[in-house]
Amino acid sequence: MAAAHSAASAQDADRVERARVEFADAMAAIERGDWVAARDAFERAHALAPRPGLRLNLGSARIRTGQLIEGAADLRAVLSEAGSDDPEIRAAAREQLEALEARIPTITVGVIGALTGVRTTVDGVDVEPGEAVRVDPGAHSVELWRGDARLAARAVEVAEGARERVQMVALAELAPPEPTVGPPPAIADEGEDLATDGAGDGSLMGVWIGVAGGGLIAAVVGVAVAVWLASDTPPFVGNVPPGRVGLP
Amino acid sequence: MRGALALTCAALGCAAPPTELAVVVDSELTPEDADAIVIDLRSPSGATGSLTVPPGAGPHTLALVPAGEALSPVGVAVRALRDDRVVLTAEVVTAFLEHERRAVPLSLDRDCLEVSCGSPDAVCARGRCVDRRVPARALPPVPDDL
């Protein structure tokens, strides 16, 4: 029993000694301005011998290297964990944390459209639409999913303190249209010239006829023919998933 | 012609043609030119969305149908990206024509790589700057009387 206790104490002493070495490495890295190396050394030191002071240093180094979220977590841990009773360390943690809050950027994802069954993610983590998600400054990936199908993706670059809003649209996935019988209604004029004849814009028409004549339209016709043969109401379905989308 | 076809359809009990835009994206770009293609859509209501085109040989095709009352404008932009940077954009702003099927051909031409047209309504096509606004009737029809 006593031997086991002695062995454990020796192990603890060894870990503390190794933590001291890591701490010294971290301080040397700070001297030469290498905060990434300092952060890594503080991390190893804290893992070997968890102390509020080391956690404070680790948090500061993380903040210096752009890891604001983890740095804030370190500072909060210093304030909340048992053993954090050194008033100087607590005051330093509190002061840094207060200054940090406004620097942490957020991304808020908004979704409109066909919302049934959709979910949104930031960097692969599910988030609630409308919720301001705290992130580190830098590049982030915002995605919109319905089941296993990714509907949209957006790369977002956020700066310190930014309040980024990303608006995404869940496009409707339409079932094939119900058959309708009778003459088609008159063409609606929705106000923009785009839906009208377009006469007088000969150059544009020339461009499009030229493109169509170049063989692209063959792909459309090929698919359309295949669908036409299979159904009285031949919806065109493209080869880009989901193949057919409704625009609200 | 269309009216006669519709009356014939009515007599035979067949369906009216759907209101569709068939987007067809062809690309001259090599994997060295672009590593991703994204199709951006803008609906008549102003909603926007993006679809990532799976890698592989084109043409890439996509059907657009109205899901609301409004038919215009419809925006389709195709962005070619290399290392997350846009190197080429092809774009059309047009409209649905009710009970008509029109094709929206968009070509990613090597002649348009890194070309900037300097106007929000101009895009590069076949190496020259053209108006991105295309009247729907100027779009090639997808034949429905095959």
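Residues numbered from 1 in each chain as written. Chains lettered and ligands numbered in written order. Predicted model: local features only at pLDDT ≥ 70, side-chain atom pairs only at ≥ 80, totals over all residues. Heavy atoms only, no water.

## Some points on the confidence of the model for chain A
Residue and element names in this part refer to chain A. Definition in use: Think of pLDDT as the predictor's per-residue confidence, scored from 0 to 100. Between two residues, a contact is recorded if the distance between any of their heavy atoms is within 4.5 Å.
The pLDDT averaged across chain A works out to 74; a share of 68% of its residues lies at or above 70. A low-confidence stretch, residues 174-193 (pLDDT under 50), is modelled with 39 contacts involving residues beyond four sequence positions or located in other chains. Note on residues 197-233: pLDDT under 50 across the span, and 47 contacts to partners over four residues away in sequence or across chains.

## Focus: the layout of surface pockets
Condition: Grid points spaced at 1 Å over the protein atoms alone were grouped into cavities, where a 1.4 Å probe fits but cannot get out, and pockets, open sets with protein on both sides within 12 Å along at least five of seven lines, with lining residues defined by an atom within 4 Å of a point. Grid points are joined across faces, edges and corners, and a volume is the space filled by probe spheres set on the points. Counting from the N terminus, the helices are DSSP H or I runs at least four residues long and the strands are E runs at least two residues long.
Its boundaries defined by the atoms lining it, the largest pocket holds a volume of some 390 Å³. If you trace the largest pocket, you find 16 residues lining it, with Arg154 and Ala155 of chain A together with Val38, Leu81 and Asp84 of chain B closest to the centre. Secondary-structure elements contributing two or more residues to the lining of the largest pocket are strand E5 (138-146) and strand E6 (149-158) of chain A together with strand E2 (36-42) and strand E5 (74-82) of chain B. Sorting elements by how many residues they give to the lining of the largest pocket places E6 of chain A first, with six residues.

## Brief notes about the pairing of E5 of chain B
Residues and elements named next belong to chain B. Heads up, the rule is: Under the scheme applied here, a residue whose accessible area is under 20% of the maximum for its type counts as buried, over 50% as exposed, and between as partly exposed, the area being computed with a 1.4 Å probe on protein chains only. A pair of strands is labelled paired if DSSP reports no fewer than 2 bridges between them.
With seven of nine residues buried, E5 lies mostly within the body of the structure. Pairing analysis gives seven bridges linking E2 to E5, with the strands arranged antiparallel. Its bridge partner lying in E5, Leu41 is registered against Val76. Relative to strand E6 (residues 85-94), E5 is paired through nine bridges, and the arrangement is antiparallel. Opposite Val74, over in E6, you have Thr94 as the bridge partner. Remark: two residues form the turn of the hairpin made by E5 and E6, two consecutive strands paired antiparallel; Asp83 in that turn has positive phi of roughly 55 degrees.

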